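# Overview (structure and organization)
Chain by chain, the residues:
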Amino acid sequence: MTCRRLVLPVLCLLLAVLGTAGQAQAVGYRYWSFWDRDATSNTWVYATQGPSTARPSDGDVQGFRFSVSEDSKDSAKPRGAADFATICAKTPAREGSKRVGLVLDFGTPADAPSGSTPPRPRTACARVDDDATTADALAAVAKPLRYDTNALLCAIAGYPATGCGEPVAADRPKASNSPGEEAESNSADGDDNGGPSLGLLAGIAAVAALGTAAVWQARRRRD
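Residues numbered from 1 in each chain as written. Predicted model: local features only at pLDDT ≥ 70, side-chain atom pairs only at ≥ 80, totals over all residues. Heavy atoms only, no water.

Across all of its chains, the model carries two cavities of 30 Å³ or more by this definition. If you add up the space inside the largest cavity, you get close to 40 Å³. Along the walls of the largest cavity sit R30, Y31, W32, F66, L153, C154, P160, T162, G163, C164, G165 and E166, which together make up its complete lining. For the lining of the largest cavity, the elements supplying multiple residues, two or more each, are β1 (27–38) and β7 (153–155). If one sorts the elements of the lining of the largest cavity by residue count, β1 sits on top with three residues. Taken together, the residues of the lining of the largest cavity break down into seven nonpolar, three polar and two charged. (1 Å grid on protein atoms, 1.4 Å probe; cavity = no way out; pocket = protein on both sides within 12 Å on 5 of 7 lines; lining within 4 Å. Points joined across faces, edges and corners; volume = space filled by probe spheres on them. Helix = DSSP H or I, 4+ residues; strand = E, 2+ residues; numbered from the N terminus. Nonpolar A, V, L, I, M, F, W, Y, C, P; charged D, E, K, R; others polar.)

Counting buried residues along strand β4 (residues 97–105), nine of its nine residues qualify, which places the element largely inside the surrounding structure. The side-chain alternation of β4 yields two buried faces, one formed by S97, R99, G101, V103 and D105 and the other by K98, V100, L102 and L104. Two strands pair when backbone bridges link them, and strand β3 (residues 61–69) and β4 are joined in this way by five bridges, in the parallel orientation. Among the inter-strand pairings, V61 is bridged to a residue of β4, identified as G101. Note: β4 against strand β5 (residues 122–129), eight bridges, orientation antiparallel. For L104, the partnering residue across the bridge sits in β5 and is R122. (Buried < 20%, exposed > 50% of the residue type's maximum accessible area, 1.4 Å probe, protein only. Pairing = 2+ DSSP bridges.)

As a further point, take the packing of aromatic side chains. Taken as a whole and judged by the stated rule, the model has six aromatic pairs. When the ring of W35 is compared with that of Y46, the centres are 5.0 Å apart and the planes differ by 75 degrees; the resulting orientation is edge-to-face. Taken together, the positions of W35 in strand β1 and Y46 in strand β2 (residues 43–46) put the pair eleven residues apart, joining distant regions of the chain. Among the residues examined, W35 registers a relative accessible area of 3% and is labelled buried. Since its relative accessible area comes to 27%, Y46 is described here as partly exposed. Their ring planes at 75 degrees and their centres at 5.4 Å tell us that F66 and Y159 sit as a pair that is edge-to-face. (Phe/Tyr/Trp six-rings, centres within 6.5 Å; stacked < 30°, edge-to-face > 60°.)

We now examine the state of the cysteines. Two cysteines, two sulfur atoms, one covalent bond between them: this is a disulfide. Counting across every chain of the model gives two disulfides. One disulfide bridge connects C88 with C125, the sulfur atoms lying 2.0 Å from each other. Sign of the S-S torsion, about 105 degrees for the bond between C88 and C125, identifies this disulfide as right-handed. Linking C88 in the loop between α2 (84–87) and β4 with C125 in strand β5, this pair joins segments that are 37 residues apart in sequence. A sulfur-sulfur distance of 2.0 Å marks the disulfide that ties C154 to C164. Taking the torsion about the sulfur-sulfur bond, which here is approximately -75 degrees, the covalent link between C154 and C164 counts as left-handed. On the criterion of sequence distance, the pair formed by C154 in strand β7 and C164 in the loop between β7 and β8 (167–169) is long-range, its members being ten residues apart. According to the relative accessible area criterion, C164 is partly exposed, its value standing at 25%. Disulfides within the chain link the bonded cysteines, taken in sequence order, as 1-2, 3-4. (Disulfide = S-S within 2.5 Å.)

To continue, consider the pattern of salt bridges. In this structure the tally under the stated criterion is five salt bridges. The salt bridge partner of D58 is R99, with a shortest N-O separation of 3.5 Å. Of this pair, D58 sits in the loop between β2 and β3 while R99 sits in strand β4, placing them 41 residues apart in sequence. Overall, R99 belongs to the buried group, its relative accessible area being 13%. Put simply, R79 and D105 hold a salt bridge, and the shortest N to O gap is 2.7 Å. Taken together, the residues R79 in the loop between β3 and α2 and D105 in strand β4 connect sequence positions 26 residues apart. One continuous salt-bridge network, built from bridges that share partners, spans R65, R79, D105 and D111. (Salt bridge = Lys/Arg side-chain N within 4 Å of Asp/Glu carboxyl O.)

Another point: the confidence of the model for the chain. Per-chain confidence: the chain averages 77 in pLDDT, with 64% of residues scoring 70 or above. In the predicted structure, residues 6–15 sits below a pLDDT of 50 and forms eleven contacts with residues beyond four places in sequence or in another chain. Below pLDDT 50 for its whole length, residues 17–24 participates in six contacts with residues either more than four positions away or in separate chains. (pLDDT = per-residue confidence, 0-100. Contact = heavy atoms within 4.5 Å.)

Below is the structure:
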């Protein structure tokens, strides 16, 4: 009886942990992610502000990517050329305004809502007032925009026509990145097959070890 009283709770805990692992892989979300281009490293960095509050400077490049992901750690980056000189080559500087290079990546067919075809990625150079936000720059070159009641950006240039941050089953192909711009490895958070994270596996191993110890202790007392 002692053994059963000790082991059954451990087994229940182990099953609960395993169940959580399955649930953690259940869904991703389909949404527009927002990125800053780091001019020093020439790489994309996930933006720390939303487009309605970010205020880029003249010469900055920012990007938007429509894709399905769980969070910023596995979100797909914008694809294509992203240097300011190329994007704004035909937009001369003007006093009292600033130029912001925008990379708009509408994602892949795998990312698209059912029945939708994503437009081809494109770039645009927005000339806006000096105090304009990224949302202002986006509105200048990529209307119509669509937002939800919480000011979440739902559509750029009318894409997608419906939906906004909706959950999507995780057993779908992962969005692709451009060459040299693959998303950072998630090896610290999970395996390549979408299984439970290493931290979770370590927790499961610890629970299993606790169960073994409980059985050993019970047998020792009984003997």
